Each structure stands twice: as structure tokens, then as C-alpha cells.
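# Chains, contacts and geometry: an overview
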Amino acid sequence: MTIFLATILTLLTLIGGVLAVDVPRTPVDQRVAAVRDILTHLEGARRLLLLVCWPPTIRYQLWREINAGRIPMELQFATVDSNNLPWHDPDRHLVVVVADLACAGTDRLLQQSGHLLYYRLRWVILHSEGAAVRSAKGWKNCSEYSTLDDLSLLVSNEVYYFCTDPFTGQHLVRQQYRLSRTGPITVETVGPWEPTKGVVIAGPRAVTYARRRNFNQFQLRAAMVLMRNESLKHLNDYSNKHLDGLSRVSYPITKAVGFHLNASIHFYIVDSWGYRNTTTGLFTGMIGELQAHRADIGATPAFFTPDRIPVIDYIAMIVPTKASFLFRAPKLSYTDNVFVLPFERYVWYSTLSFIVVSALLMALVLHFEQRYTGRPEPLAAQHSFGLSDTMLNSFGTTCQQGSFIEPKRAASRCLLLICLVLLMFLYASYSANIVAMIQSPSTKIQTTQDLLDSRIKVGSDDTIYNRYYFRHATEPVFKGMYERKLKNKDGTEKFLSPVHGISMVREGLYAFHGEQSTSYLLISDLFQEGEKCDIEEVPSYKSIDPYYAVQKNTSFRESVRIALFKLREFGIQGREYSLLYTKKPRCSGATSFVPISIVDIWPALASLGWGYLFAIVLLGTEKLWSRAGFGVRLPITSYWFSIKTG
């Protein structure tokens, strides 16, 4: 079947070729020629969508002309209906839509097109008389395109239309735009069009952004978030950098965008970035102003959140800023038992094994010395040392407490000397490591979970977004951070000013959550040089840097975006950032002496306390054993202790 169909298609192709040679072709229709000629100047076009009422012969003629050229183009014909527009096509910037005002319903189609008229879609609009092919009277006069005057052909539109100059009779390709829906119309002439020569453009034509960069002092409305009223006094200077640093960096950059576009910027202040009302679906604050089209630009960068993406457009990152928990690294003894850290696990195993082996050898040597010596020594005649004695002696020797056993023979003395020399080096290494570790900071707190599990107290910068984030946190770590660290038992919360928070950090065992630049600035001012070396930070919520935002599908999107990129390329953005943002303070290398506290020796005190408790329990057990009538001797050790009960 497949071979049969292929054969039929081949025959039809051959027949068509013969007929095409023998029968003269119909002259190209003016509409077909116009679309063909304009496509050669539309770079990147890959699909042609025709919403027209042309007859099949004209459609076939257009298909033939497109395929005869060198432009790889996919053609699609559809009825004049707005439902056929590429509303949700992610590649609609590669689509060119052709519409003919002579077709019924095209006026309504254009009115229903909304932002597709000026946002990421190119149009070719014809208004043919529907009469003769190659006729010089095939287009409407340029003054008769009143339908276009009523449309939202805003500054970013790529709408081309063909018309006839009523004075010269010349066919022209034109574009027109306005900065607002009620503003004056600016007309651009792309070039004249002739059926034999096509669209004639004199010289290279600048891109749309470059041609329409001059806004002629058109007013752009910019909403800006300020959380402290004092910041209004410092928008044009560089004092009090810790106040609203994010907005104060973006303020001069937004003014530079206006200067670049020759537009005036009207700033007005809102108290928050804005949060979504779950009932109405509307946002408050700056996001709400953009959503309601009361603002054109969000002059304070905003973080990406899933609920904001459908209502605003993020266009460029201008301020790399992050929030984190800053704290002074606690001493190592706050997170670990420093008395077990000097040696690795296998060194401890070897030390304990040495104590046991040396005790066994000492007991064995003393036993044979006392048994086979011809004349017992005075000490050996008075005492008989057992395993518990030699074990206690080896342990005391390890702790550099000396030896209460005084051997008299060469074998036992040699064994004792070996133990003393070996344990001396072991004790010296242990003591040196203990001294260094008590003065060392801990590096165990690396994540928010580590901070949550530690004994360090936590406070946060008193801002609207911090309060909202922690109160509505769904992640287990941040939810636990709010409930266990930030919220007190009486219902109050530990949201405080940056100055107070950084002062608490300097005192130690306190972590402050806030914007990094603000915290670094206060650390540079309040901390001593040696204290700066102890600063550690733990990233808080994971998010990318805040982005500049504009209205959803606004016509100013590309103009503002390219202006911001140019400001970054020219170094203006970096200059403002370096003047207002503070980097992490450098550590000079000078460390301060840390006095020993109870926490450092707490394991030793705990061991002493448990030892006292065990001794008291043992003494009480022996008393009860004696009073119960089992005699006055209890075999607790290798000795038989006599207990006098009165």
C-alpha cells in the first residue's frame, strides 16, 4: 500500500511538472507578493500563520512562492478566530501572523488579541481591495487604517502593514506605536514596496529597541519598598548603609534606566513586597501594584516565589544579595567533648590495651619475683600485689600520678621504666592537644539543622518579609526554627533591629538572621579585629538572587531589560552596588585569648561527680552488707577490707 501511494505521488509530481512547463503561470497575486517580500526582512521567522479568507488558489500560490524561495517556513492556514492565535506557544517569537482587514471578523480578531499585538509575536496586516492582481490600487490609503489606531499597538509591537500614500500613490510598509493606550501615535516607515522590487529598505535598519528608545519624557510609574522612614532622607547619599540597602541600590539604577530611555520616573513608596490573599488571589504591596497595573516598574528587586510568577515578569538581576544566619563560632567544647578529641579512636583502643597488658605483665613479674626469690624483699614480705593493684598502678602511671609499687628486681624495674617513658610521650601529646582544642572554635555548625540542634540562641531582623517567612514556613527546619528558637513561651518573638542583633552576636552563643550586607557593615563597625575571625554564616532559605520586576506582559519589558543590561555592562550597576553594599570583613589573623569556662571542663567535672556518686553507693552497699550479718568483709577488690561498725 505504501509503495502504491508513493508511486501515485511521484506520477502526480511529474504531471504537475509537465503542466507547469506547458501551461503559463498565473501572475502572482498582490497579497502573495506582499507577504513573500516582507518575510525576507523578518529574521528568525519559522512559521507563518494565516488567519485570512483567501480562496484556495491564492493559498496555493502563496505556498508555491514560499517553497520556491530560500526561506524555510512552515505554513498554517486557519479561520479568522482569536482562538487560533498562539496564546500558549513558547516559541511564538518565531511565528508571523498574517491578517487581512478585508476579511470579515478581522477587526474583532485584532481587538481580542490583547498583549499578543505587542508581546513576542510579529504581525503582517493587509487591507486589500480584493480586486485585481498586480493592481496599483490594491491597498487602502494610509489614512484609512483607523482600525489600527484603536488597537494597543504599544512600544514593543512588531506589526507591519501595507498601505498607499494618498499624495504620491506609492505603496509603503509602515509600523506605528504608542507609549500608552491613550498616548499619541508615532508612525515609522519601513520602506516603499513595489511588486517587482519588493520592500526597499535604505541601509541597515536598527532593531525595535534602538529605534524606539526615546520615550520623550514619558512618565514611568515605579513602586519602591521602604521599610524604614529614615531611608527617605538617604536615597541620594551613601550614609546609614544598613537602612534598606536593597531599595537604595536599585533607586539610582532605576533613575539611570529612565535617563537611558529619556523617560521621567515617578517613584512612590509601598510598605512591603506584597503577599497573596488566598481568598481573592490578589497581592498586596509592590506586587499588588504591578498586578493592578498601577505601577509599570517594581523599583525594588523581588525574590522568586511560585505564586508571583503568573502575575509579574522578572527581567534582570541587579543586586546579588542573600540572607543568612551569622554567629560567632562557639568554642569546641560547646559542641564536642574535648577530652576525647586529641586521639583517634584506635589510639584510645591502643592506650587502654597498653594499660591492661602492662598491668598483667607487672602482676605476673611481681608474682614470680616473690615466689622464686631466695630471700623475700621487705616490701614483698609485707604486701602481696594482685592484679587490681597493678591495674590501679598502670592507670595512675598513665595519668602521670607516679607509681606506688616500688619493684626491687631488674625485670619489674625495666617494665616500669618502659611504661613511664612511653606514657610520658603519650601524656605530653594529649596535654598539648587539649590546650589547643580548648582555644579552637567549632566548625560543626554548617547547616540550619545543625544550628537548630545546637544550644545557640537565634534572633532575626525585624522586617515584614522575615516575619511572614518564618510564620508561614512549611519546611520542617524553618518551622522548627521559628517554634523553638524565635518564638518565646509567652508568645513574643525574637525579631529585633540589626544593631541589637549584631551586638548579641558579639557576646557569643547567638545567631542573627538578616541580610548579609547589613550584618557585615555592623560587624565591621562593632567587632574587634580578633573577633571578626570567629564569624561563621549559615545560609537560610534557598533562593536565587532577587530580580527586577515589571508588569506581566508589559510593552516596556524589553526596553527596561536591555537598559538594565547596558547599565550592568557599563559598570554603573557594579558601582552602585560597591558603594552601598559591604563585603564580608577580612580576618586580620589576630585571635583573642579565650578564658577557660565551666563548659570547657564540664566532662571532667561530670566524671568527678559520677566517681563520687559511685564511691558513696559502694560505701553504702558495704555498710548494708555488714549490717545484714554476712560478715565484715566484702570482696570488692583483691583486698579484704575490714569494716568497723562500731
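Shown above is the structure to which this text applies.
The text that follows walks through the structure, step by step, so that each part is easy to find. Just so it is clear, the structure is predicted and the values come from calculations on it, not from any experiment.

### Considering the packing of aromatic side chains
Applying the stated criterion to the full structure yields 18 aromatic pairs. Site record: aromatic cluster; members linked through ring pairs are Phe215, Phe218 and Phe556.

### Looking at the sheet that holds strand E2 (residues 74–78)
Pairing in this open sheet of eight strands is mixed, and the strands run E2-E1-E3-E4-E5-E6-E7-E8 from one edge to the other. Looking at strand neighbours, the two that pair on one side only are E2 and strand E8 (198–199), the edges of this open sheet. The sheet contact formed by strand E5 (residues 158–164) and strand E6 (residues 171–177) spans four bridges and is antiparallel. Of the residues in E6, the one forming a bridge with phenylalanine 162 is valine 173. In the packing of helix H2 (residues 30–39) onto the sheet, contacts are made with strand E1 (47–51), strand E3 (95–100), strand E4 (122–126), E5, E6, strand E7 (186–194) and E8, and the angle to E7 comes to roughly 115°. Sitting on the sheet, helix H3 (residues 56–68) is in contact with E1 and E2, with an inclination near 165° to E2.

### As for the layout of surface pockets
As a volume, the largest pocket reaches approximately 960 Å³. The wall of the largest pocket is formed by 31 residues, among which Arg122, Glu158, Tyr160, Val207 and Thr208 lie closest to the centre. The element that contributes the greatest number of residues to the lining of the largest pocket is helix H20 (residues 557–570), accounting for four residues. Split by residue class, the lining of the largest pocket holds 14 nonpolar, eight polar and nine charged. The computed volume of the second largest pocket comes to approximately 810 Å³. In terms of lining residues, the second largest pocket is bounded by 39 residues, among which Phe303, Thr305, Tyr465, Tyr469 and Tyr541 are the most central. For the lining of the second largest pocket, the elements supplying multiple residues, two or more each, are helix H7 (245–261) and helix H15 (464–471).

Reading the values: rules and limits
- Residues numbered from 1 in each chain as written.
- Predicted model: local features only at pLDDT ≥ 70, side-chain atom pairs only at ≥ 80, totals over all residues.
- Heavy atoms only, no water.
- Phe/Tyr/Trp six-rings, centres within 6.5 Å; stacked < 30°, edge-to-face > 60°.
- Pairing = 2+ DSSP bridges.
- Helix = DSSP H or I, 4+ residues; strand = E, 2+ residues; numbered from the N terminus.
- Contact = heavy atoms within 4.5 Å.
- Axes fitted to C-alpha atoms, helices over the stretch in contact; angles between N-to-C directions.
- 1 Å grid on protein atoms, 1.4 Å probe; cavity = no way out; pocket = protein on both sides within 12 Å on 5 of 7 lines; lining within 4 Å.
- Points joined across faces, edges and corners; volume = space filled by probe spheres on them.
- Nonpolar A, V, L, I, M, F, W, Y, C, P; charged D, E, K, R; others polar.

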